[in-house]
Amino acid sequence: MIRFSGVSHRFGEREVLTPFSLELAERRIAVIGANGSGKSTFARLINGLLMPSAGQVWVDDLDTKSNGKAVRGLVGFVFQNPDNQIVYPVVEEDIAFGLKNLKVEKGEIAGRVAASLARFGLSHLAKEQAHRLSGGEKQMLAIAGVTITQPRYIVFDEPTTLLDLRNKRLVARTIDRLDETAIVITHDLDLIADFDRVLVFEEGRIDFDGAPRDAIARYLELMA
Amino acid sequence: MIAAYRPGTSIVHRLPAGAKIVGLAMAGTFLFFVANVASLVVCLLAVLALYPLAGLSLRDALATLRPLFVILVILVLAHAWLNGWEVASGSGLRLAALVLFAGIVTLTSSASAMMGAIETGLSPLGRLGVDVEKISLALSLALRFIPMIAAVGAEVREAQRARGLDTSLVALAVPLIVRTLKMGEEIADAIDARGFGTTRKDGPDRST
Amino acid sequence: MTTRDIVYIALFAAFTAALAVFPPLVLPVIGVPITAQSMGAMIAGSVLGAKRGGAALALFVALVAAGLPLLPGGRGGMAVIAGPGGGFILSWILAAYVTGLICERLWSNLNWLKAFAASVTGGIVVLYVFGVAWISMVTGLSYFEAAASSLGFIPGDLIKAGIAATVAVTVRKSYPLIEAPRRA
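Residues numbered from 1 in each chain as written. Chains lettered and ligands numbered in written order. Predicted model: local features only at pLDDT ≥ 70, side-chain atom pairs only at ≥ 80, totals over all residues. Heavy atoms only, no water.

Draft legend 1. Structural detail: the overall build of chain B. When helices and strands are counted, chain B shows nine helices and zero strands. Secondary structure elements in chain B, listed N-terminal to C-terminal, are α-α-α-α-α-α-α-α-α. Buried positions account for 47% of the 208 residues belonging to chain B. Residue pairs at least 24 apart in sequence account for 64% of intrachain contacts in chain B once pairs closer than 6 positions are excluded. Accessible area for chain B stands at about 10,400 Å²; split by element, carbon and sulfur atoms hold 67% of it. Of the side-chain charges in chain B, 18 are positive and 14 negative, and the distance between the mean point of each set is 8 Å. (Helix = DSSP H or I, 4+ residues; strand = E, 2+ residues; numbered from the N terminus. Buried < 20%, exposed > 50% of the residue type's maximum accessible area, 1.4 Å probe, protein only. Contact = heavy atoms within 4.5 Å. Areas by Shrake-Rupley, 256 points an atom, 1.4 Å probe, with all protein chains shown as cover. Lys, Arg positive; Asp, Glu negative; His and termini not counted. Charge placed at Lys NZ, Arg CZ, Asp CG, Glu CD.)

Draft legend 2. Just helix α3 (residues 37-53) of chain B, in detail. Residue and element names in this part refer to chain B. Taking 1.5 Å per residue as the helical rise, α3 with its 17 residues ought to reach 24 Å, and the 25 Å between its terminal C-alpha atoms agrees with that figure. Listed as buried for α3 are Leu40, Cys43, Leu44, Val47 and Tyr51. Here the buried residues of α3 occupy an arc of 100 degrees about the axis, which is enough to place them on one side. Turned more than 90 degrees away from the buried face of α3 sit Ala38, Val42, Leu45 and Pro52, all of them exposed. On its buried side, α3 packs onto α2 (17-32), α4 (58-65) and α6 (85-108). (Expected span 1.5 Å × (residues − 1). Arc of directions from axis to C-beta.)

Draft legend 3. Fine view of the arrangement of the chains. Most contacts, when the two pairs of chains in contact are compared, are made between chains B and C. Nothing in chain A touches chain C, and the closest approach of their C-alpha atoms is 10 Å.

Draft legend 4. Representation of the packing of aromatic side chains in the model. Taken as a whole and assessed by the stated rule, the structure comprises 11 aromatic pairs over all chains. Seen in terms of ring centroids, Phe77 of chain A and Phe79 of chain A are 4.6 Å apart; in terms of plane orientation they differ by 40 degrees. Their pairing is tilted. Of the two residues, Phe77 of chain A and Phe79 of chain A, neither departs from the other in class, the shared state being buried. An aromatic cluster is defined as three or more aromatic residues linked by ring pairs; in this entry it consists of Phe4, Phe20, Phe42 and Phe201 of chain A. Directly above the ring of Trp107 of chain C sits Arg172 of chain C, whose terminal nitrogen or CZ lies 4.8 Å from the centroid. (Phe/Tyr/Trp six-rings, centres within 6.5 Å; stacked < 30°, edge-to-face > 60°. Lys NZ or Arg CZ within 6 Å of the ring centre and 35° of its normal.)

Draft legend 5. Structural context of unusual backbone geometry. All names here are of chain A. Located in the positive-phi region is Asp61, a residue other than glycine, with phi close to 65 degrees. Mapped onto the fold, Asp61 is located in the loop between β4 (54-59) and β5 (62-63). Classification of Asp61 as exposed rests on a relative accessible area of 61%. Although it is not a glycine, Gln150 adopts a positive phi angle of roughly 55 degrees. Along the chain, Gln150 falls in the loop between α5 (135-147) and β7 (153-157).

Draft legend 6. Structural view of the domain arrangement of chain B. Once the domains are mapped, chain B shows domain 1 (11-121) and domain 2 (131-193). The straight-line distance from the C-alpha centre of domain 1 of chain B to that of domain 2 of chain B is 35 Å. (Domains from an automatic or database assignment.)

Draft legend 7. Region of interest: the interface of chain A and chain B. Contacts between the two partners involve 33 residues from chain A, matched on the other side by 26 residues from chain B. Counting the surface lost from both chain A and chain B, the interface buries some 2,800 Å², and carbon and sulfur atoms represent 55% of this. The three residues of chain A that bury the most area against chain B are Arg72, Asn84 and Val87 of chain A, which together make up 22% of that side's buried surface. Remark: the boundary between chain A and chain B carries four salt bridges. (Buried area = accessible area lost by both parts, 1.4 Å probe. Salt bridge = Lys/Arg side-chain N within 4 Å of Asp/Glu carboxyl O.)

Draft legend 8. Structural view of the pairing of strand β3 (residues 28-33) of chain A. Residues and elements named next belong to chain A. The buried fraction of β3 amounts to six of the six residues, a majority that puts the element mostly inside the structure. The side-chain alternation of β3 yields two buried faces, one formed by Arg28, Ala30 and Ile32 and the other by Ile29, Val31 and Gly33. Here β3 runs beside strand β8 (residues 181-185); their pairing, made up of four bridges, is parallel. Note that in β8 the partner of Ile29 across the bridge is Ile183. Here five bridges tie β3 to strand β9 (residues 197-202), and the two strands are oriented parallel to one another. Residue pairing across strands places Gly33 opposite Phe201, the latter belonging to β9. (Pairing = 2+ DSSP bridges.)

Draft legend 9. The interface of chain C and chain B, seen in detail. Contacts between chain C and chain B engage 54 residues on the former and 61 residues on the latter. Here chain C and chain B share an interface that buries about 4,800 Å² over both sides, 81% of which is from carbon and sulfur atoms. Contact with chain B buries surface across chain C, with Arg4, Met78 and Tyr175 of chain C losing the most and accounting together for 14% of the total. Along the contact surface separating chain C from chain B lie one salt bridge.

Draft legend 10. Representation of the side chain of Thr160 of chain A in the model. Residue and element names in this part refer to chain A. Of note, Thr160 is situated in the loop between β7 and α6 (165-177). Look at Thr160 and you get buried, because its relative accessible area is 1%. Filtering out sequence-adjacent residues up to four positions away, Thr160 remains in contact with Lys168, Val171, Thr186, Asp188 and Leu191.

Shown next, in the form of structure tokens:
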């Protein structure tokens with residue numbers, strides 16, 4: 001479970017998130033809202049990329065402030081632009097990166113990378129240069145690189161924004177099949193139709209919290 | 001990206017890249033102490049003999065020298081004019097031998113083997129507090145970024161061409177750098193999110 | 001050094017490599033091609049500062065030494081470094097460091113002239129002192145003869161320093177990465 005208690009966040013003078021408390025226990029959670037409504041900051045608070053200016057964020061009873069490394073292990077993060085997430089020049093090397101950071105043995109790394117390549121339909125691209133992949137393949141590679149370390153939660157920051165319709169659907173299916181808990185920041189309303197819970201952010205506060213249909217209605221109302 | 005490396009199985013190919021780099025440094029130093037023209041001719045022939053030994057042809061040797069050809073000619077002529085023919089031929093031979101030897105190292109070692117050798121060479125520095133893991137990450141990242149920056153550069157160039165600014169280096173470099181730096185923030189976040197290194201310190205952050 | 005520093009270093013190593021394919025400066029010079037690439041050291045130093053700028057160029061030089069074709073015309077490898085121009089390539093590391101050091105000192109009110117002076121000092125004066133020494137060592141020419149052989153490149157390098165200064169001052173406005181020295 002992810003728990004926010006009295007959390008707020010400011011960049012310098014500007015308050016990006018006004019104080020809020022929240023518990024997230026569902027398997028599929030979406031966060032929608034206008035640009036600049038605080039969604040991305042919210043996402044980055046979950047895995048300790050950002051620390052709250054006040055209050056605490058707990059992931060399975062670990063405080064992101066004092067247990068940064070353990071929290072990173074529990075929460076994976078998939079960014080909007082896979083180009084900014086792929087670290088190594090070759091596909092299989094990139095997938096191995098997270099395991100190398102965990103000091104996993106070489107033999108085990110090879111096996112787990114092969115399994116991950118197969119799971120995300122990338123086996124035929126194992127030795128390919130990452131920059132030669134298509135947008136959809138790159139996003140699959142990014143997801144493979146994050147899931148390989150077996151996090152319990154995965155935060156997706158607008159995972160479909162840069163993709164065409166076919167690849168949007170590919171990513172949606174992939175998220176749907178994940179065993180991990182997914183927290184998806186998005187503008188893509190099709191993606192979240194079957195989610196368990198949707199938060200609507202507006203000007204740094206949670207404006208709505210509930211089922212997808214009502215949340216989407218509220219979101220469209222706000223956007224009007 | 002294609003390196004000059006020529007894959008092969010010769011004895012020279014099988015030598016560890018690190019050994020070849022050390023060999024090059026030693027040969028380079030040695031050549032500076034050889035002054036006699038006849039001995040330098042022997043050195044040059046010895047280096048040339050390494051090419052067939054590495055499964056390479058004399059044409060490869062010529063290709064290695066070609067970019068230097070003009071400079072070599074100018075150098076020899078300048079020396080001949082200033083210091084006489086003996087010094088001139090000596091320094092020409094020395095330079096050719098050195099460059100040919102270096103060419104062998106590059107032609108017979110893959111870029112990844114060379115980088116592995118660099119990492120290994122730096123690893124003793126680990127005890128002096130140099131973080132070899134970080135150097136290794138930087139090397140991989142640079143390889144990853146080169147095609148990416150070239151792509152961004154092409155985009156910027158196209159955008160500036162639309163405004164008729166595509167020959168201005170400033171108009172190309174500034175947007176390229178600013179975009180690159182912005183990407184850099186997110187890339188660093190992604191690397192941290194994937195568990196590299198230790199936790200980042202709390203502090204003000206530019207990203208939103 | 002934070003992860004972000006490592007990323008910036010790698011980005012500027014890659015940027016320097018990318019400069020090899022930028023449109024070349026049109027200058028009537030014989031022999032070695034005049035490209036935008038030697039601006040890499042000036043720009044890396046004046047945007048990232050001494051340590052990170054020097055590290056970026058060291059990384060670039062390591063990649064070239066490893067045989068990657070990152071120099072103009074797709075050249076690379078030990079043969080280029082061992083040749084007469086190799087000293088200039090190796091000295092880019094120091095050039096970036098010195099340019100960065102000066103920019104750090106002058107950071108709080110860095111303007112075009114100061115950035116230009118930094119690039120000239122690091123990217124030309126320091127670069128030539130060592131680059132020429134290398135030519136003289138490799139070719140057996142005396143230091144003065146070697147210097148005479150390189151003087152023709154200085155006008156081009158002055159133009160590059162001017163461009164680098166404009167880039168540095170402009171980037172500083174939108175993306176200041178050097179912090180003013182704490183003890184100044």
